[in-house]
Structure formats: structure tokens, C-alpha cells
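# Report on the structure
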Amino acid sequence: MSKTREVLLVGEGNFSFSAALSESDGVGVTATCFQSENQMHRQEGAVANIQRLRDRGSVVLFEVDCTCLKEHETIQHSLFDCIIFNFPHCGRKSGVKKNRILLEKFFQSAVAVLKDNGEVHVTLCNGQGGTPCDSPMREWHNSWQVVAMAAEAGLILSEIRPFDCEAYQGYRCTGYRSQDKGFHVEGALTHIFSWSLPHTVPEKLKMEKTIGKETVCFELPAELSNYMNRDFLGQQSHHPVKTVQEQLLRELKSVWPVCTMNEDFSELVSCLPETPEACDSTLTHSDVYWIKPTDTFIFDQSEHEQNDCESMDDQQSLTGSYALRPSLLLHVQEITQNEDFTPGTLHAVSGLVFQRVPISPSRSPAFHQLLLVGMFPAESHPVQCFQDCLESLLASYGMSFEKAQTGLEQHVWMNSKMLSKFGRIAHLPSFSSALDEDLQLITVSINLDHLATLIFCISDWRLLWSFDPRFLKHFELNPLGSFSPFSLYPPSYLHDISFWMEPESYDELDFHALVREVSCGAVKDVALVDRFRHPHMGHASLCYRLTYQSPDWALSHSQALGLQNQLRRLLPLRLQVTLR
């Protein structure tokens, strides 16, 4: 409590906790109880404790309802660094549902008088909270669901500590079932809550990218808005993805010369539908975010000396279809034809890539990829050398390597328990016959985001994209240490949605994209739980189960339900399906 200045205590039983706390240096205590002063005087030791508080200059208030603090004439004009509620209870023999309602109303009341960087401390008996720290942990429906109740007020669980009653001199627990009896404090836990960032809906981004002589204007797919312009690999960044890249390149430099290329490859590429699969055998046409430009311009220096642009709306594009870059492997030919490209050296390029993928705990629609390209003597068995090197660096993180061959390509897949094929070492056919036939073109492509989650023990890849400053602050203070979550045991909510669709026109990835857009990334997983095809009509019924859970902001039951209802409204309009 040394950092806390103004502390509000609610629901005090005999004021013994408040009196002990008031004797800490630098703590201003406002102690309150629900009972009247006359009722409180009947509690054993209460009169002496009240006098201790007043002697220390603390404020003592009676008949304070903790569910409407903002309405109290004294409290409403104050903001507190910390609000404490020890062993809340509705009184007498009340069930878990009534006590959940008490907690929910208390949290919603407390945030009205809580400072921006304040905390709310709630101490509960062992088993009541409903978190894995309880021993034994109750079934969710039989607990007070304290984290979910706090989420209704925009609070997240930041820490859980054992409640040490002996640390407070003279403290005696009382108030069990509205009697002068103590609660069972053995194994009790103090749950510490802090503010969550508010839930915001990302705005649609209008982008402008230059490809050769063309300037292309387009609207970014709505579900990708939070992934653009984040600069995780920038010079001033402390992001773990950048740290992983720097550490990996540093280790590789001890074996091979490494040249980091400063080429600014556009995130928008111009390619034909078959191009992605030709450059990366793992990609298909449906994996790519194909872009329809809103406007296209061409700059002709010979005719427009003042850098004027001529609209290409009615002209055929110079290069064909546009897409968000699905892989850096699309740039291999450009890299090998660069004047600085030299055999025997690894040339490194990194950047953001985009792939349409189903919602899952392991795959992201946007991630940072590291691409290494080099020409090495065939006699040195470069594919095996790279495998041996990466195995020695990364095997301790639970990765495995799997050899395969596709056509003329020899490659080795990098797999983890959570995500298979997140990296690849490949021997590709050379783009130029002029190069020495004894040299092999080797590429190494790695999903840096997934590697960062493995190395830093980040449980949810969505945390990499968190706007909460507490995420990056951890890596500024401890760049190489394992990540400690700032939001513990976030609640999850299951919602099903079923509809009729036409199998010939339905694209499941469109459904996942809409869920990602509507939920703003709050859906952690989507599972198809039932499928039925009508034997005569031809159309089919699908039922999906959506798991709502946010790793970094307070997602409440009411918010999850609101998002689910929004999805139900938009689904028939966007995908031409019929809800069941």
C-alpha cells in the first residue's frame, strides 16, 4: 500500500481492518460501513477501532451503500487511488446469484469514484472467486464469477494475492451472515482489479500505395484495420517481434554473412491469381486478400513534369490484379536481381503479410514475416546446414522440423505444437540461368509473430497487437524475459449461430472475416459443430460455436451478447444466408 494515497474501504464489519491500515505511512483512509452508527457500536471492538481511525485523521462514514457511492454526499466529490471491499456478502443465507449481483453493482459504483490509475481490491473466501487460484476451484456456475462481474464495469483482474490477516494488527474478521462471526479467512484471496482500455470499433482505413509508376487507392478490409501502421519493426520499437528478429539475425551472423536489405517493398502487390501459389506452394487463391481499387493513377514523367497524376479508372491496369501481400516470397526474384545481391551472403527482408485464415487460437490474418535469401554451393548442403543451425537455436522452444519435397522444390517445414508450417527452409529453382549451376538458391521464411509467442511465453497471439501500454511496458523493462499477463483469467462466453446457406456460393472464410470484423477480434475461436444438407432442397444448414474472450480488455457478458446480436443482424445482409 506504500504507493497508494487515498483509500476508500466499503462494507467494513468492525473497522479493525481500516484502523490497522490507517497506521500505514502516507495512506489517507476513508472507512465506511452499511450499518448505522448505533448498530455498529454493538459490534465487538468497533468503538475502539472507530476512535483509532479518528485519532489518525481518517474519515469514518456510516450507512454507506457500496452500490451507489457516487450518490453519497461526502464520497461523490472525491476520487480514490484504491477501493477495498473485504469479504462482500449480501447478508444472511444468500446464494451465489445474489452475491454476483452485489459484486457487479459494487464494481459499477466503484469506478465512478476511482482514479484513472486506481485499483479495486476485493477479498473473497477460498472458492468464491471462480479463478484457478482457488483451491479447490469451484465449477464456474457455482462461483461468484468475480472477473466477469468486474468486466461489466470495465475492469480487468491484474493480480491475485493471498489475504494475510496477520499483517494487519488487531484485525478481526466479522459479519458472516450478518452476525458477529468471522468469515473463513484460511485460503482467502485478494483480487486486484485495474482499468481496462475501452472497447473501440476500428475505423475503416483508406489506403494509398505506389507500385512502380502506379498509385493505387483502396479501402482496407475492415477486419484488418488494427494491423496496419503499427511499426513493430521500427527503429524505436521495443516490440517482442522486433527483439526476436534481432536476436535471430545476430545468431545467424555468427555462421554466415548477413545483409539486411533496406528495400521498401509495398504491402500491396500486383499479381495474377496464380502468382501466389507459384511463389509459395502453401498459398491458394482463396487465402489471398484480393483488392479492388477505388482509384488508380499512373505517373508519366515525360508528360507531367509537375508530378501530376492521370486517372486510370477507365484504363486497364499495367500489371493485373491487386492483392495484399500474402508472403514475402513474392519478392525473391526482386531480391536476387538487386545489384547488391552476392552469393554466399544471407539477404534479410522482413515485413507484414496478410492471409485469409479461419479464426483460431493459433493463426492470425496478419503477421510479420522474416525472409532470408541466399545462393550457396550445392556441395555444402545448405538446406541441411540451415536446419541444423535453426534446430540448435530453437529446439528448446518445442519446435520440430519436417522434410518434404514439392515438384523441384526441396524444403523443410518448421512446426510447433500450436501451429504447423509456421516457417520453411527451401531450395528453389534459380530465376536466372546466368548464375553458377553449382549454387543453390535457398530461402528461409519464418512467422516472427508466432516465434515471439513461443519464446516469450505469450499465451494469446492477439496480445502482440494490443493497444494497452502495459504490454509494451513489460518488454521495455525486461526485453528478454517471459511475458506476465496484465489481464488474468479473462472470462469467456459461448454463443452459437446457425443458418441456411447455398453450398455453391458460400465461402466459409467470408463468415470468419465478418465475425472478426464485428467482434473487433474479441472472438478467440470458431468451431463448426453441426452441418445438415436438405435432401430435396439442396441448401445446407451450418451451426458454429463462437468463443468470445479478450486477452487485454474487459469483455463483459453484456458486451459479448451485443456483439453476437450485431453479427446476427449483419450476417443475412453480407452473406445472403437465412438465420435459423
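Conventions we followed
Residues numbered from 1 in each chain as written. Predicted model: local features only at pLDDT ≥ 70, side-chain atom pairs only at ≥ 80, totals over all residues. Heavy atoms only, no water. UniProt positions renumbered as here; feature names shortened; annotations may be inferred. Helix = DSSP H or I, 4+ residues; strand = E, 2+ residues; numbered from the N terminus. Contact = heavy atoms within 4.5 Å. Areas by Shrake-Rupley, 256 points an atom, 1.4 Å probe, with all protein chains shown as cover. Lys, Arg positive; Asp, Glu negative; His and termini not counted. Charge placed at Lys NZ, Arg CZ, Asp CG, Glu CD. Axes fitted to C-alpha atoms, helices over the stretch in contact; angles between N-to-C directions. Parallel < 35°, antiparallel > 145°, perpendicular 65-115°, else oblique. Left-handed = near helix turned anticlockwise from the far one by under 90°. Nonpolar A, V, L, I, M, F, W, Y, C, P; charged D, E, K, R; others polar. Pairing = 2+ DSSP bridges. Buried < 20%, exposed > 50% of the residue type's maximum accessible area, 1.4 Å probe, protein only. Polar contact = N/O pair within 3.5 Å; in protein donor to acceptor, adjacent residues only side chain to side chain. Phe/Tyr/Trp six-rings, centres within 6.5 Å; stacked < 30°, edge-to-face > 60°. Lys NZ or Arg CZ within 6 Å of the ring centre and 35° of its normal. Salt bridge = Lys/Arg side-chain N within 4 Å of Asp/Glu carboxyl O.

The name given to the protein chain in an unreviewed UniProt entry is phenylalanine--tRNA ligase, with the source organism recorded as Cyprinus carpio carpio. A UniProt comment under Catalytic activity (unreviewed entry) is attached to the protein chain, and it reads "tRNA(Phe) + L-phenylalanine + ATP = L-phenylalanyl-tRNA(Phe) + AMP + diphosphate + H(+)".

For the protein chain, the helix and strand inventory stands at 13 helices and 25 strands. On the principal axes, the C-alpha backbone points of the protein chain span a range of 95 × 65 × 55 Å. In the protein chain, the share of contacts with a sequence separation of at least 24, taken over all contacts with a separation of at least 6, comes to 69%. Here the protein chain displays about 28,300 Å² of accessible surface, and carbon together with sulfur accounts for 47% of that area. Taking the 47 positively charged and 71 negatively charged side chains of the protein chain as two groups, their mean positions are separated by 12 Å.

Turning to the packing of helix H12 (residues 508-519) against helix H13 (residues 557-575), a few remarks are in order. Relative orientation of the contacting elements H12 and H13 amounts to 140°, with a least axis distance of 10 Å. Judged on the interaxial angle alone, H13 and H12 are oblique. Seen from above, H12 lies across H13 with right-handed handedness. Together, Asp-510, Phe-511, Leu-514, Val-515, Glu-517, Val-518 and Ser-519 of H12 and Leu-563, Gln-566, Leu-567, Leu-570, Leu-571, Arg-574 and Leu-575 of H13 make up the contact between the two elements. Residue classes in the contact of H12 with H13 are distributed as 9 nonpolar, 2 polar and 3 charged.

On to the environment of Thr-200, then. Mapped onto the secondary structure, Thr-200 falls in the loop between strand S7 (189-195) and strand S8 (206-211). Spatially, the C-alpha atom of Thr-200 lies 8.1 Å from that of Cys-520, the residues being 320 residues apart in sequence.

Moving on: the sheet that holds strand S1 (residues 6-10). Ordered by their spatial adjacency, 7 strands build an open sheet running S3-S2-S1-S4-S5-S7-S6, and the pairing between neighbours is mixed. Strands with a single pairing partner mark the edges of an open sheet, and in this sheet they are strand S3 (59-61) and strand S6 (155-162). The mean angle between the axes of side-by-side strands here comes to 20°, regardless of whether they run parallel or antiparallel. In this structure, S6 lies alongside S7, joined through 7 bridges in antiparallel fashion. Each bridged residue has a counterpart across the sheet, and for Leu-157 the counterpart in S7 is Phe-193. Relative to strand S5 (residues 114-124), helix H4 (residues 96-110) is tilted by about 155°, and along the sheet it contacts S1, strand S4 (80-86), S5, S6 and S7.

Turning our attention to the UniProt feature "domain: FDX-ACB" (unreviewed entry) in the protein chain. Mapped onto this structure's residue numbering, the UniProt feature "domain: FDX-ACB" (unreviewed entry) falls at residues 488-580. In this annotation, residues 488-580 is assigned 33% helix and 33% strand; the end-to-end C-alpha distance for the span is 36 Å.

Note that Glu-159 resides in strand S6. When its relative accessible area of 32% is taken as the criterion, Glu-159 is described as partly exposed. Note: C-alpha distance between Glu-159 and His-191 (32 residues apart in sequence) is 6.2 Å. Every residue in contact with Glu-159, bar those within four places of it in the chain, is listed here: Thr-190, His-191, Ile-192 and Leu-488. For Glu-159, the side chain forms a polar contact with the side chain of Arg-161, separated by 2.9 Å.

The next point concerns the packing of aromatic side chains. Evaluation of the coordinates by the stated rule reveals 20 aromatic pairs. An angle of 40° between the planes, with centres 4.8 Å apart, marks the rings of Phe-232 and Trp-465 as tilted. Of this pair, Phe-232 sits in the loop between strand S9 (214-219) and helix H6 (240-253) while Trp-465 sits in the loop between helix H10 (448-455) and helix H11 (469-477), placing them 233 residues apart in sequence. A relative accessible area of 6% places Phe-232 in the buried class. Look at Trp-465 and you get buried, because its relative accessible area is 7%. One aromatic cluster is present, built from ring pairs that chain together Phe-456, Phe-471, Phe-475, Phe-483 and Phe-486. The ring of Phe-467 has Arg-230 lying over it, and the distance from NZ or CZ to the ring centre is 3.9 Å.

Taken as a whole and assessed by the stated rule, the structure comprises 12 salt bridges. A salt bridge links Arg-52 to Glu-23, with the shortest nitrogen-to-oxygen separation between them at 3.0 Å. Taken together, the residues span a long stretch of sequence, with Arg-52 in helix H3 (residues 46-55) and Glu-23 in the loop between helix H1 (16-22) and strand S2 (28-32) at a distance of 29 residues. Exposure remark for Arg-52: the relative accessible area of 24% places this residue in the partly exposed category. For Glu-23, a relative accessible area of 39% corresponds to the partly exposed category. Note that Arg-470 and Asp-468 form a salt bridge whose closest N and O atoms lie 2.8 Å from each other. Judged by relative accessible area, Arg-470 falls into the partly exposed class, the value being 27%. Several salt bridges share partner residues, and in doing so they unite Arg-356, Asp-507 and Asp-510 into one network.

The next point concerns unusual backbone geometry. A cis geometry characterises the amide bond from Ser-135 onward to Pro-136, with omega recorded as 0°. Mapped onto the elements, Pro-136 comes out in the loop between S5 and helix H5 (146-151). In this structure, Glu-63 takes a positive phi of about 55° despite not being glycine. Along the chain, the position of Glu-63 falls in the loop between S3 and S4. Assessed through its relative accessible area of 57%, Glu-63 is described here as exposed. A positive phi is found at Gln-145, a non-glycine position, where the angle reads about 50°. You can see Gln-145 is positioned in the loop between S5 and H5. You can call Gln-145 buried: its relative accessible area is 11%.

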